[in-house]
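Observations on the model geometry
The chain contents come next:
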Amino acid sequence: MDYTSPGTQFTADVNKSPLFKKDDRNFINVLSVQQLNTLENTSLLDIFLSKSNVVEPHYHQNAAELVYCICGSAVVSLINPFTNELLHFPITPGQVANVPQGWWHYEVATMDDTHLLAIFDAPIPEVILGSDILKLTPTNVLAHTYCLDEAKVKDALAPIQKKTFIGPPVGCVKGAVKGKMENAMPNLHPHGQSPYGANPQQYGQSPQPQWNAPQQGWAQTPQPYAQAPQPYGQPVYTHQVYGQSNRQQPYAQQQPNVQYAGAPESF
């Protein structure tokens, strides 16, 4: 970096750097070396979520991620590839969850007006999304590999045509069940319960600050949490082939008992 150049940047407005927007309550802004050229091995995502919205399952092949809760609450879930365990970490304001490089993970908001800051140790965070994996893997390969009915696999995955990023997509109504997503994903850490407890609602429930969402005319009605990732939007992440050395089997732990917000039929 030539720090004498007139093009040297020392400040940036993250509010003016959208990565993905589902609606005025669920969107992600990005800051990387592409937006601020004096950054070195640091970048971040500024994440806003309403209750039951999910940053879809994904992994970062070039960076670890530290998720800091600014307001609201969320559950950060990740698979430890060395123990084959699916772990869940509720976080509230001032608390963090760390996701090592290359680990499969996702975040679920458990309160409205949740604001998360995801910090990466790379100048540009690369990502491989679950929606891309499901969309690009041939259904006959999935069916053959896991001894599944190919017609059912094809039918189930057919709606996934684009990247999801924040799910469920607007208009998603199929597959949900009645009830609310309470006690979302209690922590299953082998050394005992999380210090935050199974219910993040018990911790740090301070009044929610108001944030100014970018007014770009994209407002839509947020939808309840559904059971499968669906298409939405075009992100600007750089996609790379996964190069992580971890080759453990995917988690063998039973998915925790989660209830989802209700909705009528049809994805």
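Residues numbered from 1 in each chain as written. Predicted model: local features only at pLDDT ≥ 70, side-chain atom pairs only at ≥ 80, totals over all residues. Heavy atoms only, no water.

Here's the deal with the nonpolar core
- Formed by 29 residues in total, the largest nonpolar core has its most connected members in Leu 19, Ile 28, Leu 45, Ile 47, Leu 49, Ile 91 and Leu 116.
- When residues of this core are traced back to their parent elements, those giving at least two are strand S1 (18-23), strand S2 (26-31), strand S3 (43-49), strand S5 (65-71), strand S6 (74-80), strand S7 (85-91), strand S8 (96-99) and strand S10 (114-120).
- Membership of the second largest hydrophobic core comes to six residues, among which are Val 14, Leu 36, Leu 39 and Leu 117. (Core = buried A, V, L, I, M, F, W, Y, C linked by side-chain atoms within 4.5 Å. Buried < 20%, exposed > 50% of the residue type's maximum accessible area, 1.4 Å probe, protein only. Helix = DSSP H or I, 4+ residues; strand = E, 2+ residues; numbered from the N terminus.)

Comments concerning unusual backbone geometry
- Following Gly 167, the chain continues to Pro 168 via a peptide bond in cis, the omega torsion being -5 degrees.
- Inspection of the secondary structure assignment puts Pro 168 in the segment after strand S12 (166-167).
- Located in the positive-phi region is Ser 52, a residue other than glycine, with phi close to 75 degrees.
- Looking at the element boundaries, Ser 52 is found in the loop between S3 and strand S4 (54-59).
- On the basis of relative accessibility, which here comes to 6%, the residue Ser 52 falls in the buried class.

Observations regarding the pattern of salt bridges
- In the structure shown here, the tally under the stated rule is four salt bridges.
- Residue Asp 132 is joined to Lys 135 by a salt bridge in which the shortest nitrogen-to-oxygen separation is 3.5 Å. Within this pair, Asp 132 and its partner Lys 135 are both found in helix H1 (residues 130-136), separated by three residues, close to a single helical turn.
- On the accessibility criterion, Asp 132 (6% relative accessible area) is buried.
- With its nearest N and O atoms 2.8 Å apart, the salt bridge here joins Asp 132 to Lys 163. With a gap of 31 residues between them, Asp 132 in helix H1 and Lys 163 in the loop between helix H3 (150-157) and S12 connect regions that are remote in the sequence. For the pair formed by Asp 132 and Lys 163, the shared burial category is buried.
- The network of salt bridges with common partners includes Asp 132, Lys 135 and Lys 163. (Salt bridge = Lys/Arg side-chain N within 4 Å of Asp/Glu carboxyl O.)

A word on the pairing of S7
- Here S7 lies mainly inside the structure; seven of its seven residues are buried.
- Side-chain alternation along S7 places Glu 85, Leu 87, Phe 89 and Ile 91 on one buried face and Leu 86, His 88 and Pro 90 on a second face that is also buried.
- Where S6 and S7 come together, seven bridges link them in antiparallel fashion. Following the sheet pairing, Ser 77 is matched in S7 by His 88.
- Connecting S6 to the next strand, S7, in antiparallel fashion are four residues, including Asn 84 with a positive phi near 55 degrees. (Pairing = 2+ DSSP bridges.)

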